[in-house]
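Fold and contact review
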Protein chains: 2
Amino acid sequence: MPDQPMPSSLLDRLSALLGPRGLLTDPADLAPHLSDWRNLYRGSTPCVIRPGSVAELAEAVRLCAAAGAPLVPQGGNTSMVGGATPDESGRQVVVSLARLNRVRDIDPLDMTMTAEAGVVLKAAQDAAAEAGCLFPLSLGAEGTATVGGVLSTNAGGNTTVRYGNARELMLGLEVVLPDGQVWNGLRRLRKDNTGYALRHLFVGAEGTLGFITAAVLRLFPRPRETEVALCAVRDEDAALALFRRVRDRDEGAVRAFEYMSGAGVGFYARHIEGGTVPLPGYDHYVLVDLASSRPEAGLRPLLEAVLEEALEAGEVLDATIGESEAQRHALWRIREEHPEAQKREGASVKNDVSVPVSKVPELIRRASEACRRLIPGTRPVPFGHLGDGNIHMNLEQPEGMDPAAFLARSHDIMDTVNAVVRDLGGSFSAEHGIGRLKTDMMPDWRGGAELDLMRRIKAAVDPQGLMNPGKVLP
Amino acid sequence: MPDQPMPSSLLDRLSALLGPRGLLTDPADLAPHLSDWRNLYRGSTPCVIRPGSVAELAEAVRLCAAAGAPLVPQGGNTSMVGGATPDESGRQVVVSLARLNRVRDIDPLDMTMTAEAGVVLKAAQDAAAEAGCLFPLSLGAEGTATVGGVLSTNAGGNTTVRYGNARELMLGLEVVLPDGQVWNGLRRLRKDNTGYALRHLFVGAEGTLGFITAAVLRLFPRPRETEVALCAVRDEDAALALFRRVRDRDEGAVRAFEYMSGAGVGFYARHIEGGTVPLPGYDHYVLVDLASSRPEAGLRPLLEAVLEEALEAGEVLDATIGESEAQRHALWRIREEHPEAQKREGASVKNDVSVPVSKVPELIRRASEACRRLIPGTRPVPFGHLGDGNIHMNLEQPEGMDPAAFLARSHDIMDTVNAVVRDLGGSFSAEHGIGRLKTDMMPDWRGGAELDLMRRIKAAVDPQGLMNPGKVLP
């Protein structure tokens, strides 16, 4: 039950503005908007609004601002940290950007695409491909996550090592501000030094400063060659050494470089249908993905030469190279089904952390050891983007332990991992953001001058504090 | 004469804090700090302070903030827009970062360098090279400009098409805030989504929000192969077509792609000692610079193949490829001496503008035509970074005209160029920033919600308005 119900006059005004397609109040319609992807939170809302245009959104925001109604922007609702779900107060209006879903233009000469916030990431990739280009942002939720969401959270994903985070793929933004003003910053320029870089303030702000409604995105030439290898490596140091070998040989060709533990690969083999592993039984794996838009790029001989060197050096113990698109896809599936395989194995605690690339081996070893000491039998399942220093330092419950008992220790586990991360100069949230899950960690990690500055900026841009309250800033 | 002289108590405190090396008051010592690179402005100051450490700077800023003394950060003082010179009031204290000039560390595995603000750009490049890496930011003033300056202005330069602007080369910052607090954001992370991207606010803020005192910079593998070609091209469209041909063949190898007009190349041949041009007498030129860290990258055959195609298509009329480092350097010199050659030819008006890459030919043609209509006999000398859409759309005085009479029309010329730029969706300041020169253009180009937001952020971060007053924001 809302503690301060929404004034019916606001609901009437929103209804008049947005019509039946643009305003949901039926509990069955609201339900999918009220819980998060991981089912960590369940909120309530007086209504979900779904504006059909930027002008409609701007007017709706003005109405809500006048009424003092807090707003929760929602894209594909795939946040890993509860960033897009309303709280339990029943006052927060969910604003779905789903109907702003046009690709406004694509220019293969400028290598830019202007896409609205509600365009699903996969649809943006497809639109780029149709124009003969590549939009390289790629992540597990790409069939559901939206352009507005991935920008608001500065999503990373698999190809960051080559193309950067969402931030680096954005040239310009259109934003509806908390007072309903529209800022048109949709500039398609590689160079534009005209005052403060406002666009970078909205990227990664998780909807706490305004609504990203459209963006100019950078495109790239499509790869003409790709190669994928699965390698069993001696240990974490060998994984890093292999990364360096590949990078030094052809930095621009390394599209992804992913680490996986033997435990995680074993869960994949055990739980996923058709989950066969070409090189079973090792403790450490990496997935190397090379791509190049050069004709005759020679990635295959390059990869073979590097693997041979690394085999001779004892870093790589065995390796297999995908011989077809189907085989390359099968190798990637081992990595991509990690979350699902882990879920089927039992309860697990996720840690999306990053350290300087050189510290990844130490992170994995020390965090694993510390968690095993904390809860004997705990099974570390580290995996992820070694090339970016971003490891999902996940922990699986001990075999036979009550899942609930393990999850009750979540905070202890997270603290244990984070103590190592901090010691290595890392971050407690690499690509998932803060959302609601990690706001209470902000004072400890980003306190003092930094958090103070963030609060001052929040107050300057959103003086009423109506944008996604309770997220990012404690 | 200062209209409100600095309180002598503040000068005493600064003197006690900084000692004789850290405080200049002798007019002869002050002089080099009081005028800008282009001699557009001449200011005055009660003193120049040169802190020897971040702690000293922080304390000095606290003292100045308490006394209400405005501060002007200065790096190499190479601003093209008067961004680092004090005004004429005699109240603004110049703060030189020159003594904060340590490279704190370099890590060739992480590919990062932590450098203080006063490190000269060339010294940063050299330090990276000594560690076997590349710091790719490269611009004409690199022997004088500093790390703090190039970040505060988000400098671009010749290699932006491959490596991005200064912003894209920065992972973390250390900043002394306007109240003297030190924010340590020197994180060496590729992924860190923990609240607002404050570092991106200080980059490009031109010292109006605080002092960048150190930065974590991204390094890259050093090129193993380079190729440079000078090409005479049919027209502006052919220049763009050639860019597309090279980019589509090996996007990652295009380190620079520069356009030059026949007029500019002619000035070079006439005014620069040893200024010989291999292919004289054409109307349009491009300089193609390819580089790759791949062993056996095959850039030479690639370049030859592309040039052959473009010759056949009638886009390239003639071309020469540098056969040695000396020859490559000689080709680059034609481009780099453009500003000097233009100066020697007579008075000129500079326009550092950008448009979407696809619009560069139209920009050059329309702006040239409009300026010739405005002042008959005016000689357009467009040159620069075609690959980024950033053209220095400069205009040389008509032969025989009084230079002063031409310069008196500067604003008319700039307005004429900018009208075309605006029509093409471009920017009135691509890489030089706003400084003092272009503040009065901000309301027209960035007015409404955007300028309003910038002002609110300025007030939130620097409530006393003491940081570099009169720059960026009107």
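Remember, predicted model here, so these are calculated numbers, not experimental data. (Residues numbered from 1 in each chain as written. Chains lettered and ligands numbered in written order. Predicted model: local features only at pLDDT ≥ 70, side-chain atom pairs only at ≥ 80, totals over all residues. Heavy atoms only, no water.)

Section: the relation of the copies chain A and chain B
Put simply, the rule is: Overlaid copies result from least-squares superposition on C-alpha atoms, with residues included only where pLDDT is at least 70 in both. In this description, contact between two residues means that some pair of their heavy atoms is separated by no more than 4.5 Å.
If you rotate chain A by 180° and push it 0.0 Å along the axis, it lands on chain B with an RMSD of 0.0 Å. In symmetry terms, the pair is related by a two-fold rotation axis. Most of the interface of chain A is mirrored in chain B: 100% of its interface residues are interface residues there too.

Topic: the sheet that holds strand β3 (residues 71-74) of chain A
Residue and element names in this part refer to chain A. Selection rule: Whether two strands pair comes down to DSSP finding at least two bridges between them. The helix and strand labels rest on DSSP assignments: H or I over at least four residues marks a helix, E over at least two residues marks a strand, and numbering proceeds from the N terminus.
The sheet built from four strands is open, its strands ordered β1-β2-β4-β3 with mixed pairing. Whereas interior strands pair on both sides, the edge strands pair on one side only; in this sheet they are β1 (23-24) and β3. Here strand β2 (residues 48-49) runs beside strand β4 (residues 93-96); their pairing, made up of two bridges, is parallel. In the sheet register, Ile49 faces β4, and the bridge partner there is Val95.

Structural notes on helix α4 (residues 121-130) of chain A
All names here are of chain A. Spelled out, the test is: Exposure categories follow from relative accessible area, calculated using a 1.4 Å probe and restricted to protein chains: below 20% of the type maximum is buried, above 50% is exposed, and the middle band is partly exposed. Directions drawn from the helix axis to the C-beta atoms are what define this arc.
What α4 keeps buried is the set Leu121, Ala124, Gln125, Ala127 and Ala128. End-on view of α4: buried residues confined to an arc of 165°, all on one side of the axis. Lining the buried residues of α4 we find β5 (103-107), β6 (112-116), β7 (133-134) and α5 (147-152). Phi turns positive, to about 80°, at Gly132, one or two residues after α4.

Considerations on the interface of chain A and chain B
Selection criterion: By buried area we mean the combined loss of accessible area, with a 1.4 Å probe, across both parts when two parts are placed together. Salt bridges are defined as contacts in which a side-chain nitrogen from Lys or Arg sits within 4 Å of a carboxyl oxygen from Asp or Glu. All residues other than Ala, Val, Leu, Ile, Met, Phe, Trp, Tyr, Cys, Pro, Asp, Glu, Lys and Arg, Gly among them, are scored as polar; the first ten of these are nonpolar and the last four charged.
In this assembly, 84 residues from chain A lie in contact with 84 residues from chain B. Carbon and sulfur atoms supply 55% of the area buried between chain A and chain B, which totals about 6,900 Å² over both sides. It is A:Lys191, A:Asn193 and A:Tyr196 in chain A that bury the most area against chain B; as a group they hold 15% of the surface buried on that side. There are 10 salt bridges connecting chain A and chain B. Between B:Asp192 and A:Arg446 there is a salt bridge whose closest N-O contact spans 3.2 Å. Elements with a contribution of two residues or more to the side of chain A that touches chain B: α6 (160-163), β9 (182-185), α7 (198-202), β11 (220-221), α8 (236-250), α16 (442-446) and α17 (449-461) of chain A. Sorting elements by how many residues they give to the side of chain A that touches chain B places α17(A) first, with 10 residues. Taken together, the residues of the side of chain A that touches chain B sort by class into 34 nonpolar, 23 polar and 27 charged.

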